[in-house]
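Okay, here's what each chain looks like letter by letter:
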Protein chains: 2
Amino acid sequence: MREVAIVGIGSTKFGELWDRSFREIGIEAGLKAMNDAKITSSDLDALYAGTMSTGSLINQENVASLLLDYSGLASDHLPAIRIEAGEASGALAFHQAYISVASGYYNIVVVGGAEKLTDVSEDVAREITSATSDQEWESFLGSTQASQYALIAKRHMHQYNTSREAMAQMSVISHANASLNPTSHMQNKITIEDVLKAPPVATPLGMLDCAPMSDGAAAVILCPLDIAKKFTDTPIKVSASVVSTDTIALFNRRDITSFDSTILAAKKAYDISNKSPDKIDIAEINDNYSIAGLLSVEDLMFSEKGKVSKNLLEGKYALGDKPSINTSGGLKGHGQPYGAVGVSQLVEVVSQLRGEAGKRQVSGASVGLTQTVGGIGSVSVVNILERVN
Amino acid sequence: MREVAIVGIGSTKFGELWDRSFREIGIEAGLKAMNDAKITSSDLDALYAGTMSTGSLINQENVASLLLDYSGLASDHLPAIRIEAGEASGALAFHQAYISVASGYYNIVVVGGAEKLTDVSEDVAREITSATSDQEWESFLGSTQASQYALIAKRHMHQYNTSREAMAQMSVISHANASLNPTSHMQNKITIEDVLKAPPVATPLGMLDCAPMSDGAAAVILCPLDIAKKFTDTPIKVSASVVSTDTIALFNRRDITSFDSTILAAKKAYDISNKSPDKIDIAEINDNYSIAGLLSVEDLMFSEKGKVSKNLLEGKYALGDKPSINTSGGLKGHGQPYGAVGVSQLVEVVSQLRGEAGKRQVSGASVGLTQTVGGIGSVSVVNILERVN
């Protein structure tokens, strides 16, 4: 296997982009990433796209061909591959693109993630949020993602004495960082009190424990590390990219206070990259619900199991700490356009490792991690990235 | 790159499987393929799944995790990747799986394609058939897949003096072969007269020029050729697997009487495998509309351009000819469960090359080809397979 680098990044603003279509945001991100790497279509070998809901929301399938075409790349007749893995669609697309370059099959590929979730009615939105759980045995019977995360929260509180305030603090960190990021959906800071007073969604979780549904797109360009300097002065090496899975339904798990898919992917990623958790400077993790953020911190081994609540209340994981968590603003603050999330997390880590993260720059950040979760932990992707110069 | 072989195949019956769910048919095909290769879950490195419409039809995304789980593979936490490329979803899934094994990233993978299309109302079915065209510039304005293929047919008739009877003959061949295949959706033979007298769909195309919407699933097991004999006495080598694309909208093409995506994929596949079209014994090609079958035969260079009509009326491409076209029954006769088609075509070619195709066996078949089309030629996959012992 060859070493692989990210040499270009691009992102739209995340938020309610009612005046722009799915294809427009996908193309904007892709072309920004190509401009960033100073490449043209003739340099590319393939396009990978991650998106979840175009079939049900705009009756558009065959999406990779669509994005290729409207990016002006159809005349090159390149392979274009769309990958769907729920909220981890973009992360899985990146992983497949990574395999294709690491293995020597392709040299230069673009990976995009895009989703448009805010143009729909509340009913449709609710349907979409349960589409990544088991329809026959969970969603059809009335279980929603929020209600399942509420069960996880209650169990975690019971088993580890986890405090409600610690969950709130996860959202506070995300909003604080998001307020420093021009592409964030949420631009406002919040307090623990705000979170506790927000309207309930599924007890103990309230409105401010839940990430918004967003529109947005992000893209990165991959190539072999040994030619990366042709495209950028600051190539960022992909030191590990690992996918792991679990049962789709929550009731089949050995323990609902951890995601085994994340634990296994993280262990393998640390092993492959020869890094321990304490070497990670910045981490973009899954916090689509505040309790999910707590699980992520533990499953990625940034905290001893059961101690994340205490650590959060002591001020850990905020901007400047090691690791700084969700410097982008996370899913809660930066936004949650499903298929775009996994790629957007990489865009943030690359920005940080390049030293281009503006007001939210973590000084001296040289090793970063992304963790993306699909379903309720039925699939996890963990990537580790490093500055190499 | 390593040489890759198919060492296991499995398929459900294709048809109206109203008593079985999407997951049930997906699992049946996958487990049959694993049994055929005599492997268990611990032998597998990854699962690839191709399907198009679960999001819009049963509100189920995150499909690869679902299939992995209900196949009893979740406890191995394997990577599971769902790929969508319209009607070519299964073929693209196969191609990605092929890359993963050829490149040395994985050793043994299962690839499944599955789709369930017959449990829906006519309105929904119509929506689904247009989901792979350009929603904004084609489908939204009332254009359907049938109407676009009708334009292609009219232009082909005008430009090459193609006869209506030749198109009908394509369906006649598919039904004749389907009647010999126990897994076919259509089990009846038809005549040219039957096709001409069938109710019109979009002139000149009638009911019997259009493939049915079907339920069905198929799966294959891939591994490096050099270990293939561990799993089967008759490994089938994948000599080439190529994807090519084109504009998603038909109106942007240089010529609508050919699919450039197929022509380019075929040229590259012949080149990689060092085979010319006259070396192909059997070919499973796209005939979702009879005129599409004519384009396929020309684009794959089994006929001089403009001569396919004459060749068909002279009796070419029927069972036993070289190449024998759509020995399975094709999309028209064997059935058209979108995501399953590309994998099912491979199952047929492997059966033939193994000499296990029963009443429809082509004697001495040693080289086979599959061509799968997504959208209206916006993506094509061409694979060439060979018997190696």
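Residues numbered from 1 in each chain as written. Chains lettered and ligands numbered in written order. Predicted model: local features only at pLDDT ≥ 70, side-chain atom pairs only at ≥ 80, totals over all residues. Heavy atoms only, no water.

1. Let's talk about the pairing of strand S1 (residues 4-11) of chain B
Residue and element names in this part refer to chain B. Within S1, 8 of the 8 residues are buried, leaving the element largely enclosed by the surrounding structure. Of the strand pairs in this sheet, S1 and strand S7 (residues 215-224) are connected by 7 bridges, and their pairing is antiparallel. Looking across to S7, one finds that Ala-5 is bridged to Cys-223. One ladder, built from 3 bridges, connects S1 with strand S8 (residues 236-245); its direction is antiparallel. When the bridges of S8 are listed, Ile-6 appears paired with Ile-236. (Buried < 20%, exposed > 50% of the residue type's maximum accessible area, 1.4 Å probe, protein only. Helix = DSSP H or I, 4+ residues; strand = E, 2+ residues; numbered from the N terminus. Pairing = 2+ DSSP bridges.)

2. With respect to the packing of helix H1 (residues 22-36) of chain A against helix H3 (residues 63-70) of chain A
All names here are of chain A. The interhelical angle for the contact between H1 and H3, taken along N-to-C directions, is 65°, at an axis separation of 9 Å. Crossing hand, H1 versus H3: right-handed. For the pair H1 and H3, contact is made by Phe-22, Arg-23, Gly-26 and Ile-27 and by Val-63, Leu-66, Leu-67 and Tyr-70, respectively. Within the contact of H1 with H3, the residues separate by chemical class into 6 nonpolar, 1 polar and 1 charged. (Axes fitted to C-alpha atoms, helices over the stretch in contact; angles between N-to-C directions. Left-handed = near helix turned anticlockwise from the far one by under 90°. Contact = heavy atoms within 4.5 Å. Nonpolar A, V, L, I, M, F, W, Y, C, P; charged D, E, K, R; others polar.)

3. What about the side chain of Ser-380 of chain B?
Following the sequence through the fold, Ser-380 of chain B ends up in strand S12 (residues 379-387). Aside from chain neighbours lying at most four places away, what touches Ser-380 of chain B is Val-242, Val-243, Ser-244, Ser-261, Thr-262, Ala-265, Thr-372 and Val-373 of chain B.

4. Re the relation of the copies chain B and chain A
Expressed as a screw transformation, the operator carrying chain B onto chain A has a rotation angle of 180° and an axial translation of 0.0 Å, and the superposed copies differ by an RMSD of 0.0 Å. The symmetry that links the two subunits is that of a two-fold axis. Same-surface contact between copies: 100% of interface residues of chain B are shared with the interface of chain A. (Least-squares fit on C-alpha atoms with pLDDT ≥ 70 in both.)

5. A word on the environment of Asp-45 of chain A
Residue and element names in this part refer to chain A. Inspection of the secondary structure assignment puts Asp-45 in the loop between H1 and strand S2 (46-50). Spatially, the C-alpha atoms of Asp-45 and Leu-369 are 26 Å apart, while their sequence positions differ by 324 residues. In this structure, Asp-45 is in contact with Leu-78, Pro-79, Tyr-106, Asn-107 and Ile-108, ignoring residues within four places of it in sequence. A polar contact is formed between the side chain of Asp-45 and the backbone nitrogen of Asn-107, at a distance of 2.7 Å. (Polar contact = N/O pair within 3.5 Å; in protein donor to acceptor, adjacent residues only side chain to side chain.)

6. Let's talk about the pattern of salt bridges
In the structure shown here, the tally under the stated rule is 46 salt bridges over all chains. Notably, a salt bridge pairs Glu-304 of chain A with Lys-307 of chain A, separated by 3.4 Å at the nearest N-O pair. Between Lys-279 of chain B and Asp-278 of chain B there is a salt bridge, with the nearest N and O atoms lying 4.0 Å from each other. Lys-279 of chain B gets classed as partly exposed once you look at its relative accessible area, which sits at 45%. For Asp-278 of chain B, a relative accessible area of 51% gives the class exposed. Several salt bridges converge on common partners, so that one network encompasses Arg-20, Glu-28 and Lys-32 of chain A. (Salt bridge = Lys/Arg side-chain N within 4 Å of Asp/Glu carboxyl O.)

7. Some thoughts on the interface of chain B and chain A
Taken together, the contact pairs 62 residues of chain B with 63 residues of chain A. Contact with chain A buries area across many residues of chain B, yet Asn-59, Asn-62 and His-77 of chain B alone supply 14% of it, more than any other trio. Across the chain B-chain A interface, the total number found is 6 salt bridges. The interface formed by chain B and chain A holds 36 residue pairs in polar contact (both at pLDDT 80 or more) in total. Elements supplying a minimum of two residues to the side of chain B that touches chain A: helix H2 (54-58), helix H3 (63-70), strand S3 (80-84), helix H4 (89-102), helix H5 (122-130), S8 and helix H9 (260-273) of chain B. For strand S3 (residues 80-84) of chain A and S3 of chain B, the ladder comprises 3 bridges, and the chain directions are antiparallel. Bridged to Arg-82 of chain A within S3 of chain B is Glu-84 of chain B. (Buried area = accessible area lost by both parts, 1.4 Å probe.)

8. Points about the domain arrangement of chain A
Residue and element names in this part refer to chain A. Taken domain by domain, chain A consists of domain 1 (4-121 + 214-230) and domain 2 (144-203 + 239-387). Summarising the inter-unit geometry, the C-alpha centres of domain 1 and domain 2 are found 23 Å apart. Contact with domain 1, which involves 39 residues of that partner, is made by 33 residues of domain 2. Area buried by domain 1 at its contact with domain 2 is led by Ile-9, Phe-14 and Glu-87, which between them contribute 29% of it. (Domains from an automatic or database assignment.)

9. Remarks on the packing of helix H6 (residues 145-160) of chain A against helix H10 (residues 290-299) of chain A
Residue and element names in this part refer to chain A. Where H6 meets H10, the closest approach of the two axes is 9 Å, and the angle between their N-to-C directions is 60°. Judged on the interaxial angle alone, H10 and H6 are oblique. H10 is crossed by H6, and the crossing has left-handed handedness. Of the residues in H10, those in contact with Tyr-149, Ile-152, Ala-153 and His-156 of H6 are Ile-291, Ala-292, Leu-295 and Glu-298. Residue composition of the contact of H6 with H10, grouped by class: 6 nonpolar, 1 polar and 1 charged. (Parallel < 35°, antiparallel > 145°, perpendicular 65-115°, else oblique.)

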